[in-house]
Amino acid sequence: MKLLLCLALPLGLAASMAQADTTLSERVTLTHGSYSSGGGITIATELRPKAGKTALCGTWAESASQSSYTVGTARNIVKLASVYVEGRRIYQDLGVLPKTAPKLDYAGAPARCVLTDLPWRAGRVPEVFIPRQQISRGNGGGSDPHITFRQTGVGAMGHGLEVGHFLTRNSRLVRLAPGATVAEGRYSGGGGLRVVGEIVSVNGTAHLCGVWSDIDPGRQVEETRGLGREILRRSSALQGGKVILHDLSGLRRVNARARYAGADATCLDTGRLWTAKDARKRLTLRLPDQIVYRSTTVRGRELIRFQPIPLR
């Protein structure tokens, strides 16, 4: 009994600290799960040939922002996941896969491969099943909320309630002026994003004050719903051709409207002293041009790109 216990400890430790030994290709398949309280998990997998058998390669990620009730639950959920190919279960307990940071595109992400007993045949696609979980059960008389986990949503790109921006980077709300700068981008799957901002003096320092909106949200597919803040995280503000901010995700979200003048905006500190020249320098809001979703399914490959569009 002692011998078995001694062997089990190193194996359990190795599984909990899975190391990557390869990277995923463009044939990656994504599976998402979300907590009812916000945030979630994404598992990225693909199949490869090895010695006539099928190797399962993959990685997983969890949201950086989520409820305190769900922190630490992701790995146990991943361990319960199973992988099927054409209705046959080929692997279970994906805790052997390494954890990575949340990504929009998992092609090139660090991964680990495990060998299955399924004979290799090209063209097959892994299908990951994550069982529904009860994370916290509200009993009506206590303070614990009712939180469940289901295989749905945008997974690791989902976010819980974010209040950190208001406590750290955002100094106050200001009303946007009529001449604020506008930038827009569109998802190739439908819908898009609009960001509006201006440079304002706050306590003698230059701040970027602005808001953002989803545009045509009814046309957005499920894979891009909730990605707006991630797009802004990869956006930047330039003044006079020089970058003054690399992350615009702290801007306030508002409903789309025809005019943004007078909208209550949050302000991000650029770390630069305000000068009279700031009022004359041109402000540019630069949105990224990149793939935001890539997945290989039984129906074929799906690819969604976000692209900035020129305004008239």
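What you see is a predicted model; the values in this text were computed from it and never measured.

So what exactly am I meant to see when it comes to the overall build of the chain here?
Of the regular secondary structure elements, the chain holds four helices and 21 strands. When each of the 312 residues of the chain is scored for burial, the buried share is 47%. Taking all contacts inside the chain whose residues are at least 6 apart in sequence as the whole, residues at least 24 apart take part in 69%. Here the chain has roughly 16100 Å² of accessible surface; of this, 52% comes from carbon and sulfur atoms.

Would you take a moment to explain the pattern of salt bridges for this structure?
Opposite charge on two side chains makes pairing possible when the charged atoms of those side chains draw close. Under the counting rule described, the total for this entry stands at 15 salt bridges. Residues arginine 186 and aspartate 216 are paired through a salt bridge, measuring 2.7 Å at the closest nitrogen-oxygen approach. Residue arginine 186 is found in strand E12 (residues 181–187), and its partner aspartate 216 is found in the loop between strand E14 (205–215) and helix H4 (228–233); the two are separated by 30 residues along the sequence. For arginine 186, a relative accessible area of 29% corresponds to the partly exposed category.

How should I be thinking about a positive patch on the surface in this particular structure?
Residues Lys242, Lys277, Arg280 and Lys281 make up a contiguous surface patch of positive charge. The class for arginine 280 is exposed, based on a relative accessible area of 64%.

Can you help me understand the state of the cysteines in this one?
Working definition of a disulfide: a covalent bond connecting the sulfur atoms of two cysteines. This model, assessed by the stated rule, comprises two disulfides. A sulfur-sulfur distance of 1.9 Å marks the disulfide that ties cysteine 57 to cysteine 113. What sets the handedness of the cysteine 57 and cysteine 113 disulfide is the S-S torsion sign, and at about 105 degrees it is right-handed. Placement of cysteine 57 in strand E4 (residues 53–62) and of cysteine 113 in strand E7 (residues 110–119) is noted, with a sequence separation of 56 residues between them. Its relative accessible area of 0% is what places cysteine 57 among the buried residues. Linked covalently through their sulfurs, cysteine 209 and cysteine 267 form a disulfide whose S-S length is 2.0 Å. Disulfide cysteine 209-cysteine 267: the torsion about the S-S bond is 105 degrees, which places it as right-handed. On the criterion of sequence distance, the pair formed by cysteine 209 in strand E14 and cysteine 267 in strand E18 (residues 264–273) is long-range, its members being 58 residues apart. Under the relative-accessibility criterion, cysteine 209 is labelled buried at 0%. By relative accessible area, cysteine 267 is classed as buried at 0%. The connectivity of the disulfides in the chain is 1-2, 3-4, where the numbers refer to bonded cysteines in sequence order.

Looking at this structure, how should I read the sheet that holds strand E16 (residues 242–245)?
Strand pairs in the sheet, formed through backbone hydrogen bonds, run parallel or antiparallel to each other. An order of E16-E15-E19 is seen for the three strands of this open sheet, with the pairing classed as antiparallel. Since the sheet does not close on itself, it has two edges, and those belong to E16 and strand E19 (283–286), each with one partner. Averaged over all pairs of adjacent strands, the angle between strand axes in this sheet comes to 35 degrees, irrespective of strand direction. Looking at chain direction, strand E15 (residues 236–239) and E19 are connected through four bridges and run antiparallel.

Which parts of the structure should I look at to understand the environment of glutamine 133?
Of note, glutamine 133 is situated in strand E9 (residues 133–136). Residue classification places glutamine 133 among the partly exposed residues on the basis of a relative accessible area of 22%. The contact partners of glutamine 133, leaving out residues within four places of it in the chain, are Ile77, Leu80, Ile147, Thr148 and Phe149.

What is the right way to read the packing of aromatic side chains from this model?
Aromatic ring pairs are described here by two measures, namely the spacing of the ring centres and the angle between the planes. Within the structure shown, the criterion is met by two aromatic pairs. With a centroid separation of 5.2 Å and an interplanar angle of 65 degrees, the aromatic rings of tyrosine 187 and phenylalanine 306 are classed as edge-to-face. Residue tyrosine 187 is located in strand E12, and its partner phenylalanine 306 is located in strand E21 (residues 300–309); the two are separated by 119 residues in the primary sequence. The two residues tyrosine 187 and phenylalanine 306 agree in class, both being buried.

I would appreciate a short explanation of the side chain of threonine 42 in the present structure.
Mapped onto the secondary structure, threonine 42 falls in strand E3 (residues 40–50). By relative accessible area, which is 2% here, threonine 42 ends up buried. A polar atom in the side chain of threonine 42 sits 2.8 Å from the side chain of histidine 32. Once you skip the residues sitting within four places of it in the chain, threonine 42 turns out to touch Leu30, Thr31, His32, Thr59, Trp60, Ala61, Tyr106, Val154, Gly155 and Ala156.

The rules behind these values
Residues numbered from 1 in each chain as written. Predicted model: local features only at pLDDT ≥ 70, side-chain atom pairs only at ≥ 80, totals over all residues. Heavy atoms only, no water. Helix = DSSP H or I, 4+ residues; strand = E, 2+ residues; numbered from the N terminus. Buried < 20%, exposed > 50% of the residue type's maximum accessible area, 1.4 Å probe, protein only. Contact = heavy atoms within 4.5 Å. Areas by Shrake-Rupley, 256 points an atom, 1.4 Å probe, with all protein chains shown as cover. Salt bridge = Lys/Arg side-chain N within 4 Å of Asp/Glu carboxyl O. Patch = residues over 30% accessible without salt bridge, like charges linked within 9 Å, V, L, I, M, F, W, Y side chains within 5 Å. Lys, Arg positive; Asp, Glu negative; His and termini not counted. Charge placed at Lys NZ, Arg CZ, Asp CG, Glu CD. Disulfide = S-S within 2.5 Å. Pairing = 2+ DSSP bridges. Axes fitted to C-alpha atoms, helices over the stretch in contact; angles between N-to-C directions. Phe/Tyr/Trp six-rings, centres within 6.5 Å; stacked < 30°, edge-to-face > 60°. Polar contact = N/O pair within 3.5 Å; in protein donor to acceptor, adjacent residues only side chain to side chain.

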